[in-house]
Amino acid sequence: MSDSSNTNLREKLMELKTLAAKSNIDIGRELAELDAKLHAASHPENEAWRRVELARHPERPTTLQYAERMFDDFLELHGDRAFGDDPALVGGIAVFGGRPITFFGHQKGHNMKENLRRNFGMAHPEGYRKALRLAHQAAKFGRPILTFVDTPGAYPGVSGEDRGISQAIAENMKAFCELPVPIVVTVLGEGGSGGAIGIGLGDTILMMENAYYSVITPEGCASILLRDASKARLSASLLKLTPQDMLRFGVIDRVIPEPPGGAHQDLATAAATLKAAIAESLEALSHKGTEALLAQRHEKFLSMGMFQEPEARRRSLLQRLRDFF
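What comes next concerns the included structure. (Residues numbered from 1 in each chain as written. Predicted model: local features only at pLDDT ≥ 70, side-chain atom pairs only at ≥ 80, totals over all residues. Heavy atoms only, no water.)

**With respect to the overall build of the protein chain**
And then number 1: Scanning the protein chain from terminus to terminus reveals 15 helices and eight strands.
And then number 2: Sorting the 325 residues of the protein chain into buried and exposed places 45% on the buried side.
And then number 3: Here the analysis covers contacts within the protein chain between residues at least 6 apart in sequence; of these, 72% occur between residues at least 24 apart.
And then number 4: Accessible surface, the protein chain: about 16,800 Å² in total, of which carbon and sulfur atoms supply 57%. (Helix = DSSP H or I, 4+ residues; strand = E, 2+ residues; numbered from the N terminus. Buried < 20%, exposed > 50% of the residue type's maximum accessible area, 1.4 Å probe, protein only. Contact = heavy atoms within 4.5 Å. Areas by Shrake-Rupley, 256 points an atom, 1.4 Å probe, with all protein chains shown as cover.)

If you want it as structure tokens, here you go:
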């Protein structure tokens, strides 16, 4: 629940309490129940889980749905030119705000048949290699890149391991650090682990209001660290995976507001809001030269996180460096 919604509900509750007191109506028990529910809904544990549930909503807009509404024209391209095409990661070329761009992103379905075809948005190595092929093509022709993240993670099955999923993601990360064109990343729904990072390295990182970004799914974290898969709600809170958490940690640059109830409630408004944010980001990046763009990108990711070394260990490392040189 957002802070503004929380405040509005509390104001309404206060109005009800005042009205009940003036009218001498005994609804104390009902008001107490509402107050307790409001308090529970605003608890960090429930707030984080609410974001996870909305990010996974079966009707949540997908990459191609946003593409249809944000781009004047687009042509989907297929294949990695090595193994095959991966329906879980789509991409192509398009016109955005009058300029040609390259886009790619994870693609889920809205029913079981679609999700089976799209592998629930979990890409194989060929999906990430397709994205890399399109990224190199964009660099060759000087086209900005827009990427859209929405996956619980890269496909963890035997076929993914057989075809080199770790290598594919690592190669993308390395290449994206050096691409000489602007890259704007948007986390649409689920931002899961290396599957997200495989196309999630860019100059500006946007995140939808009801999305999450995490090194592991709440269920996975609960199973491994808490030894109890039923504690997914608690692990979601502990993981600090909400857009506000990511903004505070410096992982993302901007949170994109959604219509009340989530983007699936009003796709046209959600797409228009996201389109304006991407256009603004591209405009700011377009004024930077290649050298400045890459320097800023490197600094952005190298500065993430906090590192602490005990003083004794620090002195020991410095002495070893002196001895080495």
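**Observations regarding helix α13 (residues 267–286)**
Given 3.6 residues per turn, any residue in an α-helix points the same way as the ones three and four places further on.
And then number 1: Taking 1.5 Å of rise per residue, 20 residues should cover 28 Å, and α13 covers 28 Å from first to last C-alpha, within 8% of that figure.
And then number 2: Those residues of α13 that sit buried are Leu267, Ala270, Ala271, Leu274, Ala277, Ile278, Ser281, Leu282 and Leu285. In a view along the axis of α13, the buried residues occupy a sector of 135 degrees, so they form one face of it. (Expected span 1.5 Å × (residues − 1). Arc of directions from axis to C-beta.)

**Points about unusual backbone geometry**
Most peptide bonds take the trans form, and the phi angle of most residues other than glycine is negative.
And then number 1: Despite not being glycine, Arg81 shows a phi value in the positive range, around 65 degrees.
And then number 2: Mapped onto the fold, Arg81 is located in the loop between β1 (73–77) and β2 (89–96).
And then number 3: Overall, Arg81 belongs to the exposed group, its relative accessible area being 63%.
And then number 4: A positive phi is found at Ser193, a non-glycine position, where the angle reads about 55 degrees.
And then number 5: By the secondary structure assignment, Ser193 is in helix α9 (residues 193–197).
And then number 6: Residue class for Ser193 comes out partly exposed when judged on its relative accessible area of 30%.

**Side note on the packing of aromatic side chains**
And then number 1: Scanning the entire structure with this criterion turns up four aromatic pairs.
And then number 2: Arranged with centres 6.0 Å apart and planes meeting at 80 degrees, the rings of Phe71 and Phe96 form a pair that is edge-to-face. Of this pair, Phe71 sits in the loop between α4 (63–70) and β1 while Phe96 sits in strand β2, placing them 25 residues apart in sequence. The residues Phe71 and Phe96 share a single accessibility class, namely buried.
And then number 3: A cation over an aromatic ring shows up here: Arg163 above the ring of Phe83, its NZ or CZ 4.1 Å from the ring centre.
And then number 4: Over the ring of Phe249 we find Arg248; its NZ or CZ atom is 5.0 Å from the centre of that ring. (Phe/Tyr/Trp six-rings, centres within 6.5 Å; stacked < 30°, edge-to-face > 60°. Lys NZ or Arg CZ within 6 Å of the ring centre and 35° of its normal.)

**Considering the pairing of β2**
Remark: a regular strand shows side chains that alternate across the two faces of the sheet.
And then number 1: Of all eight residues in β2, six are buried, a share of seventy percent or more.
And then number 2: Looking at chain direction, β1 and β2 are connected through five bridges and run antiparallel. Bridging across to β2, Glu76 finds its partner in Gly92.
And then number 3: Bridge count between β2 and strand β3 (residues 99–106): eight bridges; the pairing is antiparallel. (Pairing = 2+ DSSP bridges.)

**Regarding the nonpolar core**
And then number 1: One finds Tyr66, Phe71, Leu146, Leu274 and Ile278 to be the most contacted residues of the largest nonpolar core, which totals 58 residues.
And then number 2: Setting aside residues up to four positions removed in sequence, Leu146 forms contacts with Phe71, Phe96, Ile101, Thr102, Phe103, Phe104, Val184, Ile278 and Leu282.
And then number 3: If you look at the next biggest cluster of nonpolar residues, it comprises eight residues, including Ala48, Ala55, Ala236 and Leu241. (Core = buried A, V, L, I, M, F, W, Y, C linked by side-chain atoms within 4.5 Å.)

**Details of a nonpolar patch on the surface**
And then number 1: Together, Met112, Leu116 and Phe120 make up an exposed nonpolar region whose accessible area comes to about 310 Å².
And then number 2: Positionally, Phe120 belongs in the loop between α5 (112–118) and α6 (125–141).
And then number 3: With a relative accessible area of 33%, Phe120 lands in the partly exposed category. (Patch = residues over 30% accessible without salt bridge, like charges linked within 9 Å, V, L, I, M, F, W, Y side chains within 5 Å. Salt bridge = Lys/Arg side-chain N within 4 Å of Asp/Glu carboxyl O.)

**Quick word on the pattern of salt bridges**
And then number 1: Counted by the stated rule, this structure contains 15 salt bridges.
And then number 2: For Glu219, the salt bridge is made with Arg56, and the minimal N-O distance between the two is 2.7 Å. Separated by 163 residues along the polypeptide, Glu219 in helix α10 (residues 218–224) and Arg56 in the loop between α3 (44–55) and α4 bring together distant segments of the chain.
And then number 3: Overall, the relative accessible area of 28% leaves Arg56 in the partly exposed class.
And then number 4: Measuring nitrogen to oxygen at the nearest pair gives 2.7 Å for the salt bridge that ties Lys130 to Asp85. Of the two residues, Lys130 is situated in helix α6 and Asp85 in the loop between β1 and β2; the sequence distance between them amounts to 45 residues.
And then number 5: Put simply, Arg56, Lys108, Asp150, Glu190 and Glu219 are held in one network by salt bridges that share partners.

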